[in-house]
Amino acid sequence: MVTAPPATKAEKKRWTDLRKRALSAALLLPAALACIWFGAESFTALVALAVAVLAWEWVHLCGRRTRVFPGLAVPLVVFAAGALAVMERTRLGVVVLLAGFAITWIGVALRGRRSGITQPARRLAAGVLYIGLAGLALIELRHDGEAGRGNVLFLFLVVWASDIGAYMAGRAFGGPKLAPSISPNKTWSGAVGGMVCALVVGGACALAFTPGASLLAISAVVLLVGTASQAGDLLESAIKRHFKVKDTSSLIPGHGGLLDRLDGVLAAAPVAALLSFMLGQGRPLWGWG
């Protein structure tokens, strides 16, 4: 029996999860794109569903349950803030998130002292901001009429392109590690490959909506959103290392949990929403050039 050379085995191992990733993407991406395209209502429903799953995963990471307090506080606060955003009261929604974060932290800390639970209260409370700010950002972006459709589609395509490009380039070229103490599998080649892919896909999306747009403005926004996405990926790796888990759940084959899959979106969405706020309603994210 002839055994394959070590290099061949390593090559196969490098791409072992590609099939699962492709199948998951083939099922999830069309649904997400359809909700983005067909209107703010369908997209808001998708965000609400995602937030419910994200909150459930976060609370369980913290060793709590969403059916009872204090774990129930995370989805309640996030949904309350989201409801305000739908009613065009996004600033008040942010206030609710900040208040909910503080109350959850203090409440869990006080309850922990009485019950003897020593787990840091900030872990559970952090989920309110981590999930809530991204949820508000996505709702606010998509509720900006026709510009909202293009902006949200642009955001998701840049994040997905960065993720896919980083995966493919990192697996193909390898090389020096990007942040070995946080995520030993991420490489500088992956980061560069992800950004190049994001520039191509994001640029094509922006030009499809606004053919005469400035390439410099488009590139600057892609780099900003793409950098935030890759930072979110690293943050999620740090979170999993902190909780000592490989995946946040086993919900999506090949990807782990929804927190694993949306790590880039959770970080990039608030950045895109802040940029949209600075530009004003009805303008594309790249419309400052």
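Please refer to the structure placed before this passage.
Residues numbered from 1 in each chain as written. Predicted model: local features only at pLDDT ≥ 70, side-chain atom pairs only at ≥ 80, totals over all residues. Heavy atoms only, no water.

Q: Please set out the side chain of Ser-237 residue by residue, giving values where relevant.
A: With respect to the helices and strands, Ser-237 occurs in helix H9 (residues 215–243). Its relative accessible area of 10% is what places Ser-237 among the buried residues. Each residue touching Ser-237, except ones within four places of it in the same chain, is listed here: Ile-182, Ser-183 and Lys-186. (Helix = DSSP H or I, 4+ residues; strand = E, 2+ residues; numbered from the N terminus. Buried < 20%, exposed > 50% of the residue type's maximum accessible area, 1.4 Å probe, protein only. Contact = heavy atoms within 4.5 Å.)

Q: Tell me what's going on with the pattern of salt bridges, and back it up with residues and numbers.
A: Inspection of the entire model under this criterion finds 5 salt bridges. Close ionic contact of Asp-233 with Lys-186 constitutes a salt bridge, the shortest N to O distance being 3.4 Å. Residue Asp-233 is found in helix H9, and its partner Lys-186 is found in strand E2 (residues 183–187); the two are separated by 47 residues along the sequence. For Asp-260, the salt bridge is made with Lys-240, and the minimal N-O distance between the two is 2.9 Å. Placement of the pair is Asp-260 in helix H10 (residues 258–261) and Lys-240 in helix H9, with a sequence separation of 20 residues. There is no split in this pair, since Asp-260 and Lys-240 are both buried. (Salt bridge = Lys/Arg side-chain N within 4 Å of Asp/Glu carboxyl O.)

Q: Could you give an account of helix H8 (residues 188–209), naming the residues involved and the relevant values?
A: End to end, H8 covers 32 Å across 22 residues, agreeing with the expected 32 Å (1.5 Å per residue, within 8%). All buried positions along H8 are accounted for by Gly-190, Ala-191, Gly-193, Gly-194, Met-195, Ala-198, Gly-202, Gly-203, Cys-205 and Ala-206. (Expected span 1.5 Å × (residues − 1).)

These figures capture arrangement, not role.
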